[in-house]
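# Breakdown of the fold
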Amino acid sequence: MNASKANSNSEAAGEPLIVIASNRGPYAFKTQKDGSFSLKRSPGGLVTALGALATSHDVLWVATALGKGDHEWSEQNLNRPQYIEDIYLKFVRPGKRAYEQYYNLISNPLLWFIQHELWDLPRQPSISKETWDAWQRGYVAVNRLFAEAIADAIQNEDEDRPVIIFPHDYHLYLVPRFLREKLGSGVQIQPFIHIPWPSPDAWRVLPEEMRTTLLTSLLMSDRVGFQTQRDAFNFVQTCRFYLTDAHSRGSRDSIHYEGRKVSAATYPISIDVAQLEQMVEEPETRVFQAQVRNYVNNRQLILRIDRVEPSKNILRGLQAYRALLEMYPVHHGHVQMLALLVPSRMEVGEYQNYLQEVMAAAGMINAEYSDGEWEPVRTMLGNNYRRALAAMQLYDVLLVNPIADGMNLVAKEGVLVNQNDGVLLLSEHAGASYELGDHALLVSPFDVYSTAEALHEALSMPLAARRERAEALRSKVQKSDVNRWFRQQLDDALRAFSNQAMNASTSDTPEASKSAASITAGGTSSD
Ligand code: G6P
């Protein structure tokens, strides 16, 4: 990590080392028969955004070793960071039991269900001895391992070199605390939370000790990044509500705690526009396009693409489709729902049950309405990104109706690649509704009747109106892609370094502190 890459933006503060920490890493390794390793790039915008960034910056990515191949690759490299496709990669390797406790019991479902407000409170969750055990030996332990791995990997860095650490998501809420304990205030710590941050009330489910540990850890960061202003505001309110000494002093996006000011900044995540535009043109995608076209057979296509995930509200989507067929027989035989479903977190009971319910509900619709030639709904299980892209090109209506969602990138991908002037039907509780809501048909995810009406409206919309909406949506997404999302976070962190340095070197004279203050005021409101 000493082979620094030149770049202009960081000159003022020295070339930074960027550290990403996330549960799921950028690559998965598979051991070959001859002992070598094949490498599969994980899907997702984060990997692509960092790929671009890594050509001009040093990036160290710390993630958990998930499969056998990851463990073997790491072991072979003595668990040291390895330079691979422009980044340094290091795996954290918790024991199997600790990982299960951290991932399957605390992160999913406990934290995920709180943040998406999915608990059926009269029945669940029950915080049992097993949960407490999973908290201590799983969640706390794995978060500590991450901090140790990061501290270890950067220990030989030059003291003057800015180090910016970005822990990602709800798996790693305690990493800021353990990092501060190890590294002090010389590094910038800037978590980004991909999922919704609910209002203070939702957090009452978590026992006080866990809640306080989690909040106070996040407040050891310099800045916490959220998808939307609502999430940032809810975070500020949650800290004020549960921590006696946390104050917002009238601000909606910062909190003062133990003599420090922590920003709650907003960075809406997006997609890699150039990469997607290229992928849809490739022959591999075209093959699937022909398949989907064949299957749809000139009917109108209602598409949904989701992980099999209770927060995605697939069941109410099916109920709405059923209501549409009941209320408007005119669509019988002329509309086709295609649900591309990616199995997810199948070790967690709630997810297994949900998959069964979804399959049963789709089956009931077909049992009731199919006529031998027309099968009203088709579910396809599996993770086939090319097929998903091809279907996105062809939809008439894209149904995105989550109960809660940090952003929902399917909505952004869909409107970018669709070639059919398709209509976006979007939940008002998806983070994407902030940017795309004006040109989508917005629905309440709980209101099945209105969702059915909106499906009918979309299917019956005149072409000119569809086109106007589709063009506006596409242009919105084209203007804010994932590179910009990451750039903004990095710029804020670098600006904070410059301000720190300036404040340190000029705080003696009144004139000097005046000029430092004016520069601070010129920064983004999130600092
Ligand atoms: C959401 C989370 C990510 C997570 C992804 C897939 O988007 O914000 O952190 O990686 O779901 O979930 P999985 O549990 O399969 O990693």
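In case you missed it, the structure is sitting above this.
The notes below deal with the structure included here. Remember, predicted model here, so these are calculated numbers, not experimental data. Counting starts from 1 at the beginning of each chain's written sequence and moves along it residue by residue. Local features in this predicted model are restricted to residues of pLDDT 70 or higher, and side-chain atom pairs are both shown and tallied only at a pLDDT of 80 or more, whereas totals for entire chains, interfaces and linings draw on every residue. Side-chain figures throughout are based on the complete set of non-hydrogen atoms in the structure, without hydrogens or water.

### Some details on the overall build of the chain
Our working rule: Runs of E in the DSSP output that reach at least two residues are strands. Runs of H or I that reach at least four are helices, and both are numbered from the N terminus. Atoms counted for the radius of gyration: C-alpha only. Globule rule: 2.2 Å times the number of residues to the power 0.38. Each residue gets one of three labels from its accessible area relative to the maximum for its type: buried under 20%, exposed over 50%, partly exposed in between, using a 1.4 Å probe on protein chains only. In short, Shrake-Rupley with a 1.4 Å probe defines the accessible areas, and a residue's cover is counted only from the protein chains shown. For the purpose of charge, His is not counted, nor are the chain termini; Lys and Arg are scored as positive and Asp and Glu as negative. In plain terms, the charge of a residue is placed at NZ if it is Lys, CZ if Arg, CG if Asp and CD if Glu.
In terms of helices and strands, the chain carries 18 helices and 17 strands. Over its C-alpha trace the chain gives a radius of gyration of 24 Å, about what one expects of a compact globule, namely 24 Å for 527 residues. Across its three principal directions, the C-alpha atoms of the chain cover 80 × 60 × 50 Å. Considering the chain as a whole, with its 527 residues, one finds that 57% of them fall into the buried category. Total accessible area on the chain stands at roughly 22,500 Å², and carbon and sulfur atoms take up 48% of it. One finds the centroid of the 52 positive side-chain charges in the chain at a distance of 2 Å from the centroid of its 63 negative side-chain charges.

### Considering the pattern of salt bridges
Our working definition: Put simply, a salt bridge is a Lys or Arg side-chain nitrogen that is within 4 Å of an Asp or Glu carboxyl oxygen.
What the rule picks out here adds up to 24 salt bridges. A salt bridge links Arg-495 to Asp-492; the shortest N-O distance between them is 2.9 Å. Taken together, the residues span about one helical turn, with Arg-495 and Asp-492 both in helix α17 (residues 482-506) at a distance of three residues. On the basis of relative accessible area, Arg-495 is assigned to the partly exposed category, the value being 28%. Residue Asp-492 is classed as buried on the basis of its relative accessible area of 4%. One connected set of salt bridges, linked through shared partners, spans Asp-58, Glu-157 and Arg-161.

### What to know about the packing of aromatic side chains
Put simply, the test is: In this analysis, rings of Phe, Tyr and Trp, with Trp reduced to its six-membered ring, are considered paired at centre separations within 6.5 Å, and the interplanar angle assigns stacked below 30 degrees, edge-to-face beyond 60, and tilted for intermediate values. Only when the NZ atom of a Lys or the CZ atom of an Arg is both within 6 Å of the ring centre and within 35 degrees of the ring normal do we say a charge sits over the ring.
Per the stated rule, a full pass over the model turns up 21 aromatic pairs. Plain terms: the ring middles of Phe-29 and Phe-91 are 6.0 Å apart, the flat faces sit at 90° to each other, and that makes the pair edge-to-face. Here Phe-91 lies in strand β6 (residues 87-92) and Phe-29 lies in strand β2 (residues 27-31), a separation of 62 residues in the sequence. Between Tyr-99 and Tyr-102, the aromatic rings sit 5.4 Å apart at their centres with planes inclined by 55°, giving tilted as the arrangement. With Tyr-99 and Tyr-102 both in helix α3 (residues 96-115) and three residues apart, this pair spans about one turn of that helix. Take Tyr-99: its relative accessible area is 17%, and that puts it in the buried class. Clustering of aromatic rings is evident, with ring pairs tying together Tyr-99, Tyr-102, Tyr-103, Trp-135 and Tyr-139. Sitting over the face of the ring of Tyr-242, Arg-211 holds its NZ or CZ atom 3.9 Å from the ring centroid.

### Things to note about the sheet that holds strand β11 (residues 260-266)
Convention followed: Only strands joined by at least two bridges in the DSSP assignment are considered to pair. To get an axis, a line is fitted to the C-alpha atoms, and for a helix only the part in contact is used. The angle between two axes follows their N-to-C directions and goes from 0 to 180 degrees. Residue contacts follow a heavy-atom distance rule, with two residues in contact if any of their heavy atoms lie within 4.5 Å.
Here three strands make up an open sheet; going across it, the order is β9-β11-β10 and the pairing mixed. Looking along the sheet, the strands with just one partner apiece sit at the ends: β9 (223-226) and β10 (254-257). Within this sheet the neighbouring strands show an average axis-to-axis angle of 20°, counted without direction. Taken together, the four bridges between β10 and β11 define a ladder with antiparallel strand orientation. Within β11, the position partnered with Tyr-257 by the bridge is Arg-260. Relative to β11, helix α7 (residues 229-242) is tilted by about 150°, and along the sheet it contacts β9, β10 and β11.

### What to know about the side chain of Thr-228
Structurally, Thr-228 can be placed in the loop between β9 and α7. Dropping the residues within four chain positions of it, Thr-228 is found in contact with Thr-266, Gly-406, Gly-431 and Tyr-434.

### Comments concerning the pairing of strand β1 (residues 17-22)
With six of six residues buried, β1 is to be regarded as a mostly interior element. Neither face of β1 is left uncovered, since the one carrying Leu-17, Val-19 and Ala-21 and the one carrying Ile-18, Ile-20 and Ser-22 both have all their residues buried. Examined bridge by bridge, β1 and strand β7 (residues 163-167) share five bridges and lie parallel to one another. Bridging across to β7, Ile-20 finds its partner in Phe-166. Note that β1 and strand β4 (residues 58-64) share six bridges and pair parallel. Bridged to Val-19 within β4 is Leu-60.

### Description of the pairing of strand β16 (residues 423-427)
Threshold: For the handedness criterion, the strands are oriented away from the viewer, and a crossover whose path from the first strand over the helix to the second runs clockwise is classed as right-handed.
Among the five residues that make up β16, five are buried, leaving the element largely enclosed by the rest of the structure. Residues Val-423, Leu-425 and Ser-427 of β16 are buried on one face, and the alternating residues Leu-424 and Leu-426, pointing to the opposite face, are buried as well. In terms of strand pairing, strand β15 (residues 397-400) meets β16 through four bridges, oriented parallel. Its bridge partner lying in β16, Val-397 is registered against Val-423. Handedness of the crossover joining β15 and β16 through helix α13 (residues 409-417) is recorded here as right-handed. Sheet analysis places β16 next to strand β17 (residues 441-443), joined by three bridges and oriented parallel. Bridge assignment links Ser-427 to a residue of β17, and that residue is Val-443.

### So, α7
Rules: Residue count minus one, scaled by 1.5 Å, sets the expected span of a helix.
For α7, with 14 residues, the first-to-last C-alpha span of 20 Å sits near the 20 Å given by 1.5 Å per residue. Residues Asp-231, Ala-232, Asn-234, Phe-235, Val-236, Thr-238, Cys-239 and Tyr-242 constitute the buried set of α7. In the core, the buried residues of α7 are packed alongside α6 (208-218), β9, β10 and β11.

### Describing the environment of Val-205
With respect to the secondary-structure elements, Val-205 resides in the loop between β8 (188-189) and α6. For the pair Val-205 and Ser-38, spaced 167 residues apart in the sequence, the C-alpha separation amounts to 43 Å. Setting aside its immediate chain neighbours within four residues, Val-205 contacts Ile-114, Trp-119, Leu-121, Pro-125 and Ile-127.

### Thoughts on the side chain of Arg-211
The criterion, for reference: Polar contacts here mean pairs of N or O atoms no more than 3.5 Å apart (in protein, one a potential hydrogen donor and the other a potential acceptor; neighbouring residues in sequence count only if both atoms are side-chain atoms).
Take Arg-211: it is sitting in helix α6. No salt bridge is formed by the buried Arg-211; the nearest opposite charge belongs to Glu-208, separated by 5.2 Å. One polar contact links the side chain of Arg-211 to the main-chain carbonyl oxygen of Leu-206, over a distance of 3.2 Å.

### Topic: the packing of helix α10 (residues 314-327) against helix α11 (residues 349-369)
Stated precisely, the cut-off is as follows: An angle counts as roughly parallel when it lies under 35 degrees, as roughly antiparallel when it exceeds 145, as roughly perpendicular when it falls between 65 and 115, and as oblique in every other case. We call Asp, Glu, Lys and Arg charged. Ala, Val, Leu, Ile, Met, Phe, Trp, Tyr, Cys and Pro are nonpolar, and the rest, Gly among them, are polar.
The N-to-C vectors of α10 and α11 enclose an angle of 10°; their axes lie 9 Å apart at closest approach. Looking at the two axes, α10 sits roughly parallel to α11. In this structure, α10 contributes Ile-314, Leu-315, Leu-318, Tyr-321, Arg-322, Leu-325 and Glu-326 to the contact, and α11 contributes Tyr-354, Glu-357, Val-358, Ala-361, Ala-362, Met-364, Ile-365, Glu-368 and Tyr-369. Considering only residue class, the contact of α10 with α11 consists of twelve nonpolar, no polar and four charged.

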